[in-house]
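# Structural overview
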Amino acid sequence: MFFKYSEIMKKLVLLISVLMAIACNSNKSESSAEINSEKMTQYYFIRHAEKDTVNAQDKDPLLTEQGIMRADNWAKIFKEIPFDFIYSSDYKRTKSTAQIIADSQKKEVQLYSSKKLNDEEFQENTKGKTVLVVGHSNSNPQFVNYILGQEKYQDLSEENYGSLFIVNVSPDGTKSSQVLNID
């Protein structure tokens, strides 16, 4: 069962506020001009919504009705977070999940390659931006680990469609992360 929208938004706003306060405190030695000229980079990682598993041979299934409902719920959750970019891997289930969210924010979905996680081009394009990445049970933890530069997170279970990874990268390179489970 999904949490109530208002409960989730309160938790997200509180978490983001705490993470930003931590990151800002780590920048106390920088001058005000430097802090104001650079912005924190924020990444949000979600797994695609529930996929159709009826045909085990189908390597690129569509979303189920429950998956479409979850994607709609993600769009509501992210309503107050204006993404600069929305990325998806090149699979029907991730693109569908990302598209529902992108449509709600009048954004385009950009594809990323799971073979080039956090490459220089991605880092440069997303620096100082707020970014949503829709991926998979294995690629999201790997992507987050690449950004953090450490092996902090393990692959998600196949039943887990509600994990939200939030990663902040401050202008001085300080990195922090948090995982919320929204089911």
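The structure this text deals with has already been given above.
Now for a quick tour of the structure. (Residues numbered from 1 in each chain as written. Predicted model: local features only at pLDDT ≥ 70, side-chain atom pairs only at ≥ 80, totals over all residues. Heavy atoms only, no water.)

## Looking at the environment of Asn 140
The topology assignment puts Asn 140 in helix H6 (residues 139-148). Take Asn 140: its relative accessible area is 1%, and that puts it in the buried class. In the structure, Asn 140 is positioned 13 residues away from Tyr 153 in sequence and 9.0 Å away in space, judged by C-alpha atoms. Each residue touching Asn 140, except ones within four places of it in the same chain, is listed here: Phe 45, Ile 46, Arg 47, Val 133, Gly 135 and Phe 165. A polar atom in the side chain of Asn 140 sits 2.9 Å from the backbone oxygen of Ile 46. (Helix = DSSP H or I, 4+ residues; strand = E, 2+ residues; numbered from the N terminus. Buried < 20%, exposed > 50% of the residue type's maximum accessible area, 1.4 Å probe, protein only. Contact = heavy atoms within 4.5 Å. Polar contact = N/O pair within 3.5 Å; in protein donor to acceptor, adjacent residues only side chain to side chain.)

## Digging into the nonpolar core
Judged by nonpolar contacts, the single largest core of 18 residues is most densely connected at Tyr 44, Ile 46, Trp 74, Phe 78, Ile 101, Leu 132 and Leu 164. When residues of this core are traced back to their parent elements, those giving at least two are strand E1 (41-47), helix H3 (65-77), helix H4 (92-105), strand E4 (130-135) and strand E5 (163-169). If you look at the next biggest cluster of nonpolar residues, it comprises 17 residues, including Tyr 112, Leu 148, Leu 156 and Phe 165. (Core = buried A, V, L, I, M, F, W, Y, C linked by side-chain atoms within 4.5 Å.)

## Quick notes on the pattern of salt bridges
By the definition in use, this model includes 5 salt bridges. The partner of Asp 60 in a salt bridge is Arg 93, with the nearest N and O atoms 3.8 Å apart. Residue Asp 60 is found in the loop between E1 and H3, and its partner Arg 93 is found in helix H4; the two are separated by 33 residues along the sequence. By relative accessible area, Arg 93 is classed as buried at 8%. Of the charged contacts, one joins Lys 95 and Asp 90 as a salt bridge, the two residues approaching to 2.9 Å between their closest N and O atoms. The exposure class of Lys 95 is partly exposed, given its relative accessible area of 33%. Assessed through its relative accessible area of 46%, Asp 90 is described here as partly exposed. The structure contains a network of salt bridges with shared partners spanning Arg 47, Lys 51 and Glu 158. (Salt bridge = Lys/Arg side-chain N within 4 Å of Asp/Glu carboxyl O.)

## What to know about H4
Taking 1.5 Å of rise per residue, the 14 residues of H4 would be expected to cover 20 Å, and the 20 Å separating its terminal C-alpha atoms lies within 8% of that figure. Along H4, the residues classified as buried are Arg 93, Thr 94, Thr 97, Ala 98, Ile 101, Ala 102 and Gln 105. (Expected span 1.5 Å × (residues − 1).)

## What about the pairing of strand E6 (residues 175-181)?
Sheet topology places E5 next to E6; 7 bridges connect them, and they run antiparallel. Following the sheet pairing, Val 167 is matched in E6 by Ser 177. Hairpin connection between E5 and E6: a loop of 5 residues separates the two successive antiparallel strands, and Gly 173 in this loop has a positive phi of roughly 95°. (Pairing = 2+ DSSP bridges.)

## Side note on the sheet that holds E4
Sheet strands pair by backbone hydrogen bonding; their relative direction is either parallel or antiparallel. Spatial strand order, E3-E2-E4-E1-E5-E6: 6 strands in an open sheet with mixed pairing. Here the strands that pair on one side only, and so sit at the sheet edges, are strand E3 (109-111) and E6. Within the sheet, the average angular offset between the axes of one strand and its neighbour, ignoring direction, is 25°. (Axes fitted to C-alpha atoms, helices over the stretch in contact; angles between N-to-C directions.)

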